[in-house]
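# Residue-level structural notes
What follows is each chain in one-letter form.
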Amino acid sequence: MPVNIHIHATHRQFTNGLEVVAVEGTTVGECLNQLIKQFPGMEKALFVKKDKLLNTVEVYVNHASAYPNELAKPVKDGDEIHLIIMLAGG
Amino acid sequence: MLTPSERERYDRQIMIGEIGQEGQEKLKRSRVVIAGTGGLGSPIAIYLAAAGIGMIRLIDHDQVAMSNLNRQILHWEEDIGRKKVDSARTKLKNLNPAMEIEAITETITEGNVSKLVDGCDVIVDAMDNLPSRYILNRCAIEKNIPFFHGAVNGFEGRVMTIIPGKTACLRCMYRGPVPQEKFPVIGVAPAVIGSIQATEVIKYLIGIGKLLTNRLLIYDGLKITFSEFKVNRNPNCDHCGSSSTQFLSPGGKRGG
């Protein structure tokens, strides 16, 4: 059973419109690398440089914040990763 | 004590078991700061004024522009060029003349924020940028005043309630500065988010229900879904963490 990554609405342009992408991995970082292998456009949507997420990206595993050290957070089959974008508007 | 006129005005909400006359009197005694009178500030101020909050202090440095009118429902075409807080005060006074409204045209800064929120029971975040939100967040923690966060973009929005010294704050998941950009938004998004913030304020002031603390609520208007995410207080948070020197209890002693 894979790990499911839920893609933010503004990122679905990079995933052919997919809302959920199934990947394999034992950490959030491994899963995101798998995501980028499938959909290279996600790299600039998530990372400012290798292993450094954009400050606007929030990662939740099974609906709980993965902050801090999000990329090292362990995951297992069946887990759900949500990639959420911080909002600033009012 | 409520006057006969107030009992009539608030009859339908006094009928709510959790509110009652006692809850209505608490709202009447309450003082609320709304930081921003734009997309979020409009529904927040309208619903809090309608609900019978005793005093609302509006803070906004801006003037009404045509491009505000798709979402900032306190402001009308005739108000273009007028100070937003004056435009807002006129509408709110027409809605509820008995309430007290303070209208302050200032930019919120580290230097003036403490004075701007002084004497109020809660601070409501209706800002349009993150740096101002962090200024309010830090001040709320320093002065031990509950802080009601909301933000929007497009059809999406998020809400979280912060009780200083007890729950995760806006800064607990801070990852660094974010570039300020003009954001897309349609009025129905801040309408939903602002209404939830106002609901939280009313609940807090009366002391009822379960607050959105340590829970980030995310609303997706395109799908009409609400998702809830658990957030934790960060002991290393530079605003509310145990290593922070910022948090003082009202008595001036260091708090949890």
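For the structure itself, consult the block above.
One structure accompanies this document, and this report is about it. Numbering of residues starts from 1 in each chain and follows the order in which that chain's sequence is written. Here the convention is simple: chains get letters from A, ligands get numbers from 1, in the order in which they are written. Reporting of local features is limited, given that this is a predicted model, to residues whose pLDDT is at least 70; pairs of side-chain atoms are given and counted only at 80 or more, and all residues count toward the totals for whole chains, interfaces and linings.

The next thing to look at is helix H3 (residues 20–28) of chain B. Neighbour density around each residue's C-beta defines its exposure: 20 or more other C-beta atoms within 10 Å make it buried, 12 or fewer make it exposed, and counts between make it partly exposed, where C-beta atoms are placed from the backbone. The secondary structure listing takes helices from DSSP runs of H or I that are at least 4 residues long and strands from runs of E that are at least 2 residues long, numbered from the N terminus. Along H3(B), the positions that sit buried rather than exposed are Gly23(B), Gln24(B), Lys26(B), Leu27(B) and Lys28(B). Looking at the buried side of H3(B), the elements it contacts are helix H2 (11–14), helix H4 (41–51) and helix H8 (188–206) of chain B. Contact between residues is assigned whenever the C-beta positions, reconstructed from backbone atoms, fall within 7 Å.

What follows covers the interface of chain B and chain A. Between chain B and chain A, the residue contacts involve 31 residues of the former and 15 residues of the latter. The set of elements that each furnish at least two residues to the side of chain B that touches chain A consists of strand S5 (147–153), strand S6 (156–162), strand S7 (215–220) and strand S8 (225–230) of chain B. Its residues assigned to classes, the side of chain B that touches chain A comprises 16 nonpolar, eight polar and seven charged. Throughout this entry, Asp, Glu, Lys and Arg are counted as charged residues, while Ala, Val, Leu, Ile, Met, Phe, Trp, Tyr, Cys and Pro are counted as nonpolar. The remaining residues, Gly among them, count as polar.

Our next topic: helix H1 (residues 28–38) of chain A. Residue and element names in this part refer to chain A. Along H1, the residues classified as buried are Val 28, Cys 31, Leu 32 and Leu 35. Within H1, the buried residues cover an arc of 95 degrees as seen down the axis, which keeps them to one side. Here the buried face of H1 lies against strand S1 (3–6), strand S2 (20–23), helix H2 (42–46), strand S5 (57–61) and strand S7 (80–85). Here, the arc refers to the directions that run from the helix axis to the C-beta atoms.

Residue and element names in this part refer to chain B. In terms of burial, strand S2 (residues 55–59) is a largely internal element, four of the five residues being buried. If DSSP finds at least two bridges between two strands, the strands pair. The pairing of strand S1 (residues 31–35) with S2 spans five bridges and is classified as parallel. Bridge pairing in S2 places Val 32 opposite Ile 56. Handedness of a crossover is defined as follows: orient the strands so they point away from the viewer, and if the path from the first strand over the helix to the second runs clockwise, the crossover is right-handed. With H4 bridging S1 and its parallel neighbour S2, the resulting β-α-β unit is right-handed. With helix H5 (residues 84–95) bridging S2 and the parallel strand S3 (residues 100–104), this β-α-β connection has right-handed handedness.

A separate point is the pairing of S8(B). All names here are of chain B. Pairing of S7 with S8, which is carried by six bridges, proceeds in the antiparallel orientation. Pairing of Ile 218 across the sheet is with Ser 227, part of S8. Between the antiparallel neighbours S7 and S8 lie four residues, among them Ile 224 with a positive phi of about 50 degrees.

What follows is about the nonpolar core. Residues and elements named next belong to chain B. Of all hydrophobic cores here, the largest spans 92 residues; its most connected members are Ile 34, Ala 35, Ala 45, Leu 48, Ile 123 and Val 124. Here this core takes 10 residues from H8, the largest share from any one element. Apart from residues lying up to four places away in sequence, Ile 123 is in contact with Val 33, Ala 35, Val 117, Leu 136, Ala 140, Ile 145 and Phe 147. Note on definitions: a nonpolar core is a set of buried residues drawn from Ala, Val, Leu, Ile, Met, Phe, Trp, Tyr and Cys, linked by C-beta atoms within 7 Å.

So, on to the environment of Val3(A). Residues and elements named next belong to chain A. Looking at where Val 3 falls in the secondary structure, it is placed in strand S1. Along the primary structure Val 3 and Asn 69 are separated by 66 residues, whereas in three dimensions their C-alpha atoms are 19 Å apart. Non-local contacts of Val 3, meaning those with residues more than four positions away in its chain, are made with Val 23, Glu 24, Gly 25, Cys 31, Val 75, Asp 77, Asp 79 and Ile 81.

Quick look at the packing of H3(B) against H8(B) now. Residue and element names in this part refer to chain B. Only C-alpha atoms enter the line fits that serve as axes; for helices the fit covers just the stretch in contact. Angles between N-to-C directions range over 0 to 180 degrees. Put simply, H3 and H8 touch, their axes get as near as 9 Å, and they point 110 degrees apart. The angle between H3 and H8 places the two elements in the roughly perpendicular class. Along the contact surface, H3 presents Gly 23, Lys 26 and Leu 27, while H8 presents Ile 202, Leu 205 and Ile 206. Its residues assigned to classes, the contact of H3 with H8 comprises four nonpolar, one polar and one charged. Relative orientations are named as follows: roughly parallel for angles under 35 degrees, roughly antiparallel for angles over 145 degrees, roughly perpendicular for angles from 65 to 115 degrees, and oblique for any other angle.

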